[in-house]
Amino acid sequence: MKTVSVIGLGYIGLPTAAMFASRKVKVIGVDVNEETVATINEGRVHIVEPDLDIVVHSVVESGHLVATTTPQPADAFLVAVPTPFKGDHEPDLGFIEKASKAIAPVLKTGDLVVLESTSPVGATEQMAAWLAEARSDLSFPQDAGEKSDIRIAHCPERVLPGKVMQELIHNDRVIGGMTPRCSKEAAALYKIFVTGDCVITNARTAEMAKLTENSFRDVNIAFANELSVICDKLDIDVWELIALANRHPRVNILQPGPGVGGHCIAVDPWFIVSRTPEEARLIRTAREVNDDKPAWVLDKVDAAVAETKKSSAEVSIAIYGLAFKADIDDLRESPALLIARQLAKKYSSLRVFEPHIDSLPDGLEDAKLVDAAGAAQADIHLVLVDHQAIKKLHFDGIVIDTRGVVAG
Ligand code: SAJ
């Protein structure tokens, strides 16, 4: 591959672009956001991911990575744009459609287009249809099979935020080409930096594999969350219970929390539910169980406030952690943030201990960002994230521990 173009320079696209560029491939990064493009071209990053800044700085300086807002000709195009859902949990492929229409004019015979975005089953075929519609002068795999001018594949990203730069290299990749030749070319592309296996299947199975992985985790977290609610009612320490059950050689229960956050696990299972609503009963219920957990935590806080016999204006509540999971600064789709914002509407004296941020986000204007000593003086201590810095603390007074930091 002489030139690779990555469309969408976000949490997946930018690290992937940087990885190819670090292997001396010429990379054209494309993003609709001018500020993102300018930041990258200065050798800086607009997202937080360990080691990403160092690699981006070096590949921009060496000239291997250049960012732009306008697609340019390349030999391979990797589409890594968001796939959110709409109002009723229906997948929104609008960004994939826009990206397809943006790259179509610069496609040429022999090019490979890979969809990396997590997508509902059928999205790769849909992308191929959009490309074919825009370029009737070229042939595509859905019509021309192995003889097509353009090769198309789905290769879902599967990296864990916080460990992206290692997992991109070491994780196995699922490669779903629209034909065997498409798969072969996509596998050869990823082999430029992937040391894990590039396992070949078809596009629909690759799409479903990614959704299955995140649904598997969601269902298992829902099991832990449901256990935590049951144990609370039965006066059993859920953390001790899970530790005991996990001593069984074939049991491995995950950890309860204040809900499931992030941009993937709380979204992707809906892509299965929306395609097969009658069949995906367990997957839907798991989503509901996890989505209900923040409301359960809020009820616990109300009960604790009642215990203090103080009014909502008098009682002081310390919140420990706002991020969507431990030891990262990412607040997007965070159940902890959702809970904090709800509490801020009701209680006027909120203190937030979140060592990974410098200022509080919208909705928490009246709350105070405090250090551990400032949090320690509160009447109620609400632990929402198991950051290392929070695990070290000693808590006095009423504690609501959603992460098992204090117990055990
Ligand atoms: N969580 C719990 N209890 C647990 C584990 C997680 O409550 O025992 C919560 C976390 O606190 C967080 C949420 O679940 O709020 C999701 O965190 P996570 O660490 O499970 O996953 P993500 O969203 O950071 O990344 C996932 C990964 N998928 C799987 O592990 C199957 C990652 O490999 C995917 O690439 C990523 O989704 C993605 O982009 O799809």
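Predicted model, so just to flag it, every value in this text is computed and none were measured.

1. Let's talk about unusual backbone geometry
So, point 1. The phi dihedral of H89 is positive, around 60°, even though this residue is not glycine.
So, point 2. Relative to the assigned elements, H89 resides in the loop between β4 (76-79) and α4 (94-103).
So, point 3. Phi at E333 is positive, roughly 50°, even though this residue is not glycine.
So, point 4. According to the relative accessible area criterion, E333 is exposed, its value standing at 54%.

2. Quick notes on the site of the ligand
So, point 1. Close to the ligand lie 20 residues, the nearest being E157, K210, R217, Q255 and F324.
So, point 2. Here G261 contributes a backbone N or O atom positioned 2.9 Å from an oxygen atom of the ligand.
So, point 3. Summarising the interface, the protein chains cover 88% of the accessible area of the ligand, which totals 770 Å² for the free molecule.
So, point 4. Residues of the shell around the ligand, tallied by class, amount to nine nonpolar, three polar and eight charged.

3. Looking at the domain arrangement of the chain
So, point 1. In terms of domains, the chain is made up of domain 1 (3-196) and domain 2 (212-401).
So, point 2. Computed over C-alpha atoms, the centres of domain 1 and domain 2 are 34 Å apart.
So, point 3. For the pair domain 1 and domain 2, the two sides together bury roughly 1300 Å², of which 60% comes from carbon and sulfur.
So, point 4. Of the charged contacts in the structure, one is a salt bridge between R158 and E213, with a shortest N-O distance of 2.6 Å.
So, point 5. The interface formed by domain 1 and domain 2 holds two residue pairs in polar contact (both at pLDDT 80 or more) in total.
So, point 6. The class makeup of the residues in the side of domain 1 that touches domain 2 is nine nonpolar, four polar and two charged.

4. A closer look at the pattern of salt bridges
So, point 1. For the structure shown, the criterion picks out 17 salt bridges.
So, point 2. For R204, the salt bridge goes to E125, with nearest N and O atoms at 3.2 Å. With a gap of 79 residues between them, R204 in helix α9 (residues 203-234) and E125 in helix α5 (residues 123-134) connect regions that are remote in the sequence.
So, point 3. Using a relative accessible area of 36% as the deciding quantity, one classes E125 as partly exposed.
So, point 4. The network of salt bridges with common partners includes D75, K108 and D111.

5. Regarding the pairing of strand β9 (residues 316-320)
So, point 1. β9 sits mainly inside the fold: five of its five residues count as buried.
So, point 2. Taking every second residue as pointing to the same face, both faces of β9 are buried, with S316, A318 and Y320 on one and I317 and I319 on the other.
So, point 3. Here β9 pairs with strand β10 (residues 349-353) via five bridges, running parallel. If you follow Y320 over to β10, its bridge partner there is F353.
So, point 4. For the crossover from β9 across helix α13 (residues 335-346) to β10, the handedness is right-handed.
So, point 5. Relative to strand β12 (residues 380-383), β9 runs parallel, the two sharing four bridges. Of the residues in β12, the one forming a bridge with I319 is L382.

6. Remarks on a nonpolar patch on the surface
So, point 1. There is a patch of nonpolar side chains on the surface, built from I230, L234 and I236 and spanning about 270 Å² of accessible area.
So, point 2. Along the chain, I230 falls in helix α9.

7. Digging into the nonpolar core
So, point 1. L65 and Y190 are the most contacted members of the largest nonpolar core, which has 41 residues in total.
So, point 2. Look past the residues within four positions of L65 in its chain and what remains in contact with it is L14, A17, A21, V27, G29, I40, V59 and V60.
So, point 3. Ranked by size, the runner-up nonpolar core spans 30 residues in total, among them L298, I328, I339 and L343.

8. Structural notes on the side chain of T3
So, point 1. Along the chain, T3 falls in strand β1 (residues 3-7).
So, point 2. Not counting residues within four places of it along the chain, the set of residues in contact with T3 comprises K26, I28, P73, A74, D75 and A76.

9. Thoughts on the packing of helix α12 (residues 281-308) against α13
So, point 1. In the contact formed by α12 and α13, the axes pass within 10 Å of each other and the chain directions differ by 40°. Between α12 and α13, the angle falls in the class oblique. Remark: the crossing between α12 and α13 carries right-handed chirality. From α12, P294, V297, L298, V301 and D302 reach across to α13, where they touch P335, L338, I339, Q342, L343 and K346.

10. Topic: the sheet that holds strand β11 (residues 368-369)
Pairing between sheet strands relies on hydrogen bonds along the backbone, with the strands arranged either parallel or antiparallel.
So, point 1. If you walk across this open sheet you meet the five strands as β11-β10-β9-β12-β13, and the pairing is parallel. In the strand order of this sheet, the two ends are held by β11 and β13 (398-401), each with one partner.
So, point 2. The sheet contacts of α12 involve β9, β12 and β13, and relative to β13 the element is tilted by about 175°.

11. Observations regarding the side chain of S148
So, point 1. Structurally, the position occupied by S148 is in the loop between α6 (141-144) and β6 (151-154).
So, point 2. A polar side-chain atom of S148 sits 2.8 Å from the main-chain carbonyl oxygen of I150.

Criteria and thresholds
- Residues numbered from 1 in each chain as written.
- Predicted model: local features only at pLDDT ≥ 70, side-chain atom pairs only at ≥ 80, totals over all residues.
- Heavy atoms only, no water.
- Helix = DSSP H or I, 4+ residues; strand = E, 2+ residues; numbered from the N terminus.
- Buried < 20%, exposed > 50% of the residue type's maximum accessible area, 1.4 Å probe, protein only.
- Near = heavy atom within 4 Å.
- Polar contact = N/O pair within 3.5 Å; in protein donor to acceptor, adjacent residues only side chain to side chain.
- Areas by Shrake-Rupley, 256 points an atom, 1.4 Å probe, with all protein chains shown as cover.
- Nonpolar A, V, L, I, M, F, W, Y, C, P; charged D, E, K, R; others polar.
- Domains from an automatic or database assignment.
- Buried area = accessible area lost by both parts, 1.4 Å probe.
- Salt bridge = Lys/Arg side-chain N within 4 Å of Asp/Glu carboxyl O.
- Pairing = 2+ DSSP bridges.
- Right-handed = clockwise from strand over helix to strand, strands pointing away.
- Patch = residues over 30% accessible without salt bridge, like charges linked within 9 Å, V, L, I, M, F, W, Y side chains within 5 Å.
- Core = buried A, V, L, I, M, F, W, Y, C linked by side-chain atoms within 4.5 Å.
- Contact = heavy atoms within 4.5 Å.
- Axes fitted to C-alpha atoms, helices over the stretch in contact; angles between N-to-C directions.
- Parallel < 35°, antiparallel > 145°, perpendicular 65-115°, else oblique.
- Left-handed = near helix turned anticlockwise from the far one by under 90°.

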